[in-house]
Amino acid sequence: MKKRLLSAILSFCMLLTMAPTVAFAAEDDEAAPQSNSVLKGNCGAASSESSVTWKLTQNNEGSENPTYTLTISGSGAMADYTSNIKHKDAKQPWQAGATGVEIEKITNVVVSDGVTSIGAFAFNGLTGVSEYDIGANVSTIKQWALDTSAAKIFNVNGNANFKTDDDGVLFNKDGTTLIAYPGGSTVREEYTVPSAVTAISDGAFVGCPIKKLTIGSNVTTELPGWSFNGGVLGELDVNCPFGSGTFAQITTLKKVTLRDSITEIPEKAFLNCTGLQTVSILSGLTKIGTQAFFRCSSLQDVTLPTSLKEIGYQAFRDCDALTSITFPDNLEKLGEQAFLITERDGHIGSLATVTFGKNVPTFQTAQEQPSDSPRLFLGQNQLKTVDMSRCTTTEISAGLFNGLNALETIIFPTGLTEIGDNAFTNCSGLTSLEFPDSLTKIGNSAFSGCTGLTYISYGNGIDDIGRNAFFGCTGVNVIDLHRATKIDELYYNGANKGDPALTHACIQAAKYVKY
């Protein structure tokens, strides 16, 4: 009996040794590539997907910090993609979600000789790539194909369609297109785009290790957007066309010089450049677009050229550090909220002085329609002086300076004939008003809520003062009517037969009225 039991146990053990071994890996290990693994697939252009392939190979076998080379092989053109590889809709097959390889671990890209075209956005977002090998037969590098932010070397391998210079910059064969600046190279003080260059590719200066970049008028193609971010760029000197958002959110940027071939600053061109302090604009500029300098919160100094004719909607909104602005004589159009400060977002305006040129511009909405509520300076609670002495205009628009509670001094145009409704409502810092003889009309509630007013002097032309023009001006001590020949106490006899201007001119709280 004992021998039979022992025999059964031995037989069972032998069966166990013959069974297949099963490995139970942790969930994280299943997603991660194993040592010596090769990840691969197809990436050819539409209708010939299998003609071009890709593979990921580990560079440092056994390392605790593995890096990888992405190799593109086969013949023909790569597929085009539509977004950065980090975007939620990205389709590049070597993205981390498909391979388990973190994209930052891809440090080398090799495009083999049979490949003829590098697809749009193919390697965009591979921020760890320091070296690109471009095969001998590649003839086209499409938009945003390369990520330059960490690149140090572009090997062209005898390819006659491209070349690099002594700085390692990648160009097309004749040097007219600057394709990519090596963003991973040593930081340099200054770089000037070569005079032969007429176009700069998308993403060419991403990760830009340059403190001052100069782009001359030889560049005739509009500069691409979002192609100068992510580096140390502190100063720009530009004399070529650029588009919407071209320099947006370059937070390192401190100084910009725009030279005389630039006629327009497009919308959002410098949006959220929060470190920008100084903008020098030479003659030739005619338009500053919508939100061109929106939230450039460090901007202290901008000189508007005499050629300027239009400033767009919210062009300088939330420019907290701007202390003064002088409008040129030729300014014709000014967008709503151009210098508005958004207090609810924590912005604090520093604008203290505004000087108008010969013309008070017409005001426009975001849709470039006439505006009757421009709110140009709303929230600018440090604005103390408005100088309109050079203006040849005859009217101050309705609501123009409404709510400027720090405003102490307004110098009226000498030919002023009309002040619009609510033009200075709640400007509680105003202490005295001396109207010119040319003024004939003051609109409804024009100075209502100006609680700091103590002295008002009317000129000889005044004959129409609107309802509640000085409502709530409880601090007025003196009203001087001695020059106001067109309103007289004889016109108001208590029977509503006279001119109401006198009633509206006189304030109940006034202690002294001079006739």
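Refer to the structure presented above.
Residues numbered from 1 in each chain as written. Predicted model: local features only at pLDDT ≥ 70, side-chain atom pairs only at ≥ 80, totals over all residues. Heavy atoms only, no water.

Points about the overall build of the protein chain
Worth spelling out the cut-off: Numbering of helices and strands runs from the N terminus, with a helix taken as a DSSP run of H or I at least four residues long and a strand as a DSSP run of E at least two residues long. Between buried and exposed lies partly exposed: a residue is buried under 20% and exposed over 50% of the maximum accessible area for its type, with that area taken using a 1.4 Å probe on protein chains only. Two residues qualify as a contact provided that any one of their heavy atoms is within 4.5 Å of a heavy atom in the partner residue. Areas reported here follow the Shrake-Rupley algorithm with a probe of radius 1.4 Å; residue values treat only the protein chains shown as occluding.
On a plain count of helices and strands, the protein chain comes out with four helices and 36 strands. Sorting the 515 residues of the protein chain into buried and exposed places 47% on the buried side. Long-range pairs, those at least 24 residues apart, make up 40% of the contacts in the protein chain between residues at least 6 apart in sequence. When the accessible surface of the protein chain is summed, it comes to about 23,700 Å², and 48% of that surface belongs to carbon and sulfur atoms.

Focus on the sheet that holds strand β12 (residues 177-180)
Within a sheet, adjacent strands bond to each other through the backbone by hydrogen bonds, running parallel or antiparallel. Put simply, the test is: What makes two strands pair is DSSP finding at least two bridges between them.
The mixed open sheet is built from four strands, whose spatial order is β10-β11-β12-β14. Each edge of the open sheet is held by one strand with a lone partner, namely β10 (162-164) and β14 (199-200). Alignment of strand β11 (residues 170-172) against β12, held across two bridges, turns out to be antiparallel. Along β12, the bridge assignment pairs F171 with L178.

Here's the deal with the nonpolar core
We count it as follows: Buried Ala, Val, Leu, Ile, Met, Phe, Trp, Tyr and Cys residues form a nonpolar core when they are joined through side-chain atoms within 4.5 Å.
Core analysis: the largest hydrophobic core is formed by 99 residues, its most contacted members being F205, F270, F293, F424, F447 and F470. Of all the secondary structure elements, the ones that give two or more residues to this core are β15 (210-215), β16 (235-238), β17 (255-258) and β19 (278-281). Excluding anything up to four places from it in sequence, F293 contacts I265, F270, L276, V279, I288, L299, A315, F316, R317 and C319. One finds W54, M78, Y132 and L146 within the second-largest nonpolar core, a separate group that totals 39 residues.

Notes on unusual backbone geometry
The residue W144 is not glycine, and still its phi comes out positive at about 55°. The topology assignment puts W144 in the loop between β8 (140-141) and β9 (153-155). Accessibility expressed as a relative area gives 16% for W144, which makes it buried.

Considering the sheet that holds strand β34 (residues 464-465)
One open sheet accounts for four strands, arranged β28-β30-β32-β34; its pairing is parallel. The outermost strands of the open sheet, each flanked by one partner alone, are β28 (395-396) and β34. Bridge count between strand β32 (residues 441-442) and β34: two bridges; the pairing is parallel. Its bridge partner being in β34, I442 is matched across the sheet by I465.

Points about the pattern of salt bridges
Note the cut-off: Salt bridges are defined by distance alone: a side-chain nitrogen of Lys or Arg within 4 Å of a carboxyl oxygen of Asp or Glu.
On inspection of all chains with the given rule, the structure shows 14 salt bridges. Between K287 and E368 there is a salt bridge, with the nearest N and O atoms lying 3.8 Å from each other. Taken together, the positions of K287 in strand β20 (residues 287-288) and E368 in the loop between β26 (362-364) and β27 (385-387) put the pair 81 residues apart, joining distant regions of the chain. When its relative accessible area of 45% is taken as the criterion, E368 is described as partly exposed. For D318, the salt bridge identified is with R295, shortest N-O distance 3.5 Å.

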